[in-house]
Each structure stands twice: as structure tokens, then as C-alpha cells.
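Commentary on secondary and tertiary structure
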Amino acid sequence: MVTGRLPVRYGLCGGANGTQRTFACDAKYGLPTNETTFASALQRSGYHTMAVGKWHLGQEWEYMPFRHGFDEYYGVPSSVDMGRAYNNRTAEASFQREYYGCTPLALVHNEAIVEQPVDLGSLNAKYTAAAMDFLTRVSNSSAPFLLYMAYGHVHTPQYAGKSFEGSSRRGIFGDSVMEVDDSVGKVLAHLRALGKSADTLVVLTSDNGAPNAAQHAAPWLPLQPISGSNGPFLGEKLSTWEGGLRVPGIAVWPGTIAAGRVSEDIVSTLDIYATLMDVANVPLPTDRVMDSHTLLPLLRGTGNTTRTSAFFYRGCTLYAVRYMQWKLHLKITAPATQPPAWDWPGTTPMLFQIEHDPSERFPLKGDYGKPV
């Protein structure tokens, strides 16, 4: 999302055998310094830029957000499961600590550690306050601004502030969702109070579908309802089934985007990059292949996106391709729950008419499979 390019183009795709990797808390490297993030491009065009929350693109100083176009950074450089912290609310936390073997989780403001170990019970409130403080400061400037806010919620381990404990009927996971909802509401209300909402494009999305309950659980613990639901979609996080890929995408821009409108166009988080550049009238980099398409005509209601396809990698291996109404699986992983219509194990290539069959229950065969 921050580069507008598929990770396979710049060496961050994981293993050639389909294994996926992230920059853990002991990572020696990070996002290559010659990649141009959307923050770098906007910073050069006079934007005030800040990142709040999870970074996870390298935790050595030379790979941190303030080296990739952000004037300011406040957050935890890795996932909240990559180190000891106070007020974890799930038993899985101890398992994650043993798995990663990390030092206590650190909260960082630019180049200074401000809290270690992190108190997860107050972390979301601190993120909200940091975002609102940034908006207050930049509202007094004539220069435009970019705020990139990546919550630690609702990644495992689950946690919530005291005022949200027991606030939902979904246990600690629901409490975590409630706390995110409250934070988003506060930030948007602050934007309105500052008189900036009509001049500001806000995009809310997620990085992947929900995991199944076993993906973050210690083998010796009973499964707990500490993850979300992918509704009718097959599969889960770490898979290229729709349940691993489809995420909510919500855009708000009062006076520019009509409220309540729903689009079925093919879009990707890759497209956030080109959209921001289009809004800011900043040209896309021309010295590299970009995988980003502007969504501005779609958002304004004046046209459609130019994206007709999407490529889905697992590690460095191409697992699936979406082209218009078709979705082709070149390699597959067994979903946690298999559709009753299947004769598993499935064989590849496997083709679906994804607009008619978004649950991926009926692979096309015979003459119907000829589009392969």
C-alpha cells in the first residue's frame, strides 16, 4: 500500500516456496530505502506527514517511518504480539512471546523510546491522542497534510482499555473492535471540529481477512473466539481465497464522495497510492513499474477504475489471479472449512466466476472452464 507496488518487485515477498514472512522484532533490514512511499512523494510536495501505530516494515532506525517520508512517527514498529507487554488479555500472548523471543515491546516517538514494555491497555487511547494532536498542529498551517494511522487492533493478542472491557457481546475481541470504532469516531469528529473534513479524503480499510481461531493459538490451549468473521467468503488470513483477500474499503470525503454509495469495481489497497497522488496532483514515479490505479473517478462518481485484474502472491509464488469476473487459482492451500460441493483435494488450475460465486464453492469444469 505505501509503495503502490507488489512486494515481489522489490524483494519483500518471502520465500520462493510460498512461505510468507514479515519483519519481526529482530529484523536487520526493512523496506528498501530506494522505494518511494506515498509519504515521501507527498512530503516533497509540501505535505506535513505523520504515521501513527504499527509500521512493520523494518525496526532498525534506517528503515523506520521517519526515513521513509514521514516527518513524525508515534507507534510500535512491529506487531503487538512481537514482545512482552502489559495488559494482554488472551492466553495466546505467552505462546507468541516464546515463538518470537523478542525484547519487551517498545512504544517509539521518532527516535526515542517513550515506553517499554508497552501498556496495551492504554495504547489505543495514546494513538488516538497522537493523531488528534497532529491534526490540531497542522490545522494552523496552510500546507496540506497526510496522516497514516495503523491500529494495533485487532491483531492478536486482544486487549482493550478499561472503559471498553465488557462493552460488547463478543468478548475481548468485540471489545477491541469497539475501541477501534470509538477511536475512528473521535478522529473524524476532531477533523470536523477543525473545519477540515470537506478538504480531507479519509480511507478506512484492513490489511487482510480474519484468521481462523487456530492461526494464533498455542497448540495446548483450547480455541477461543478471539478472531473475526469472513462471512460468506472461503478461507482466512494467509490464504488467497476470498476470505483472506476481501476486506472492507470505506472512503469519506464530504461534498466530493456521495454518501452511501456502493461500488463493485475491482480495487486494491495498492490503488491508495495512485489515488493520493491524483488528489494531490503529484505525478507517479516514472523510473519503476507501478501497480497502482487511481480511484478518484470512481470515488467522485464520474467514472470507473481502470483496474481489470489483480495478482495474488503467497510468498514469492503467484497463487491466484483475478481478471474481470474470473478468478483463477494456480496453487491452493486447504481452507480451514471446505465447501460441501467440493471433492477435495482440489486440483489446479481452479476457475471461478467470482461475481456469481463469491464464496468459491463451485469451480468451473469442462466447457465452463475454457477461460483458463
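First things first, this report covers the structure right here in the doc.

Observations concerning the side chain of Thr 36
Considering the arrangement of structural elements, one finds Thr 36 in the segment before helix 1 (38-44). The buried category is assigned to Thr 36, whose relative accessible area is 13%. Those residues in contact with Thr 36, other than ones at most four positions away along the chain, are Val 2, Thr 3, Ala 41, Arg 44, Tyr 273, Pro 285 and Arg 288.

Brief notes about the sheet that holds strand 4 (residues 112-115)
Here five strands make up an open sheet; going across it, the order is 4-3-2-1-5 and the pairing mixed. The sheet is open, and its two edges are formed by strand 4 and strand 5 (145-150), each paired on a single side. In this sheet, neighbouring strand axes are inclined to one another by 20° on average, regardless of whether the strands run parallel or antiparallel. Bridge analysis of strand 1 (residues 48-53) against strand 2 (residues 72-75) gives three bridges, and the strand direction is parallel. Paired with Val 52 across the two strands is Tyr 74, which belongs to strand 2.

Structural notes on the packing of helix 3 (residues 120-139) against helix 4 (residues 171-193)
Packing of helix 3 against helix 4 brings their axes to within 10 Å, and their N-to-C directions diverge by 10°. The angle between helix 3 and helix 4 places the two elements in the roughly parallel class. Like other packed secondary-structure pairs, helix 3 and helix 4 cross with a definite hand, here right-handed. Judged by residue contacts, Asn 124, Thr 128, Ala 131, Met 132, Leu 135 and Thr 136 of helix 3 engage Glu 179, Val 180, Ser 183, Lys 186, Val 187, His 190 and Leu 191 from helix 4. Residues of the contact of helix 3 with helix 4, tallied by class, amount to six nonpolar, five polar and two charged.

Some thoughts on the nonpolar core
Membership of the largest hydrophobic core comes to 33 residues, with the highest contact counts inside it found for Phe 38, Phe 70 and Met 277. Counting only elements with at least two residues in this core, the list comes to helix 1, strand 5, helix 6 (271-280) and helix 7 (296-300). No other element matches helix 6, which puts five residues into this core. With residues near it in sequence (within four places) discarded, Phe 70 still touches Phe 38, Ala 39, Gln 43, Thr 49, Met 50, Ala 51, Trp 55, Pro 65, Leu 146 and Tyr 148. Formed by 21 residues, the second largest nonpolar core is a distinct cluster that contains Met 50, Leu 105, Phe 134 and Val 187.

Some points on the sheet that holds strand 10 (residues 326-329)
In spatial order, the strands read 8-9-10-11; together these four strands make up an open sheet with antiparallel pairing. The sheet is open, and its two edges are formed by strand 8 (309-314) and strand 11 (350-353), each paired on a single side. Strand-to-strand twist of the sheet, defined as the mean angle between neighbouring strand axes without regard to direction, takes the value 20°. Where strand 9 (residues 317-323) lies against strand 10, four bridges are found, and the strand directions are antiparallel.

Notes on helix 3
Its 20 residues place the ends of helix 3 29 Å apart at the C-alpha level, agreeing with the 28 Å of an ideal helix rising 1.5 Å per residue. Those residues of helix 3 not exposed but buried are Leu 120, Gly 121, Leu 123, Asn 124, Tyr 127, Thr 128, Ala 130, Ala 131, Phe 134, Leu 135, Val 138 and Ser 139. Where the residues of helix 3 are buried, they touch strand 1, strand 2, strand 3 (107-109), strand 5 and helix 4. Structurally, the start of helix 3 carries an N-cap: the backbone nitrogen of Gly 121 is 3.1 Å from a side-chain oxygen of Asp 119.

What counts, and at which threshold
Residues numbered from 1 in each chain as written. Predicted model: local features only at pLDDT ≥ 70, side-chain atom pairs only at ≥ 80, totals over all residues. Heavy atoms only, no water. Helix = DSSP H or I, 4+ residues; strand = E, 2+ residues; numbered from the N terminus. Buried < 20%, exposed > 50% of the residue type's maximum accessible area, 1.4 Å probe, protein only. Contact = heavy atoms within 4.5 Å. Pairing = 2+ DSSP bridges. Axes fitted to C-alpha atoms, helices over the stretch in contact; angles between N-to-C directions. Parallel < 35°, antiparallel > 145°, perpendicular 65-115°, else oblique. Left-handed = near helix turned anticlockwise from the far one by under 90°. Nonpolar A, V, L, I, M, F, W, Y, C, P; charged D, E, K, R; others polar. Core = buried A, V, L, I, M, F, W, Y, C linked by side-chain atoms within 4.5 Å. Expected span 1.5 Å × (residues − 1). Polar contact = N/O pair within 3.5 Å; in protein donor to acceptor, adjacent residues only side chain to side chain.

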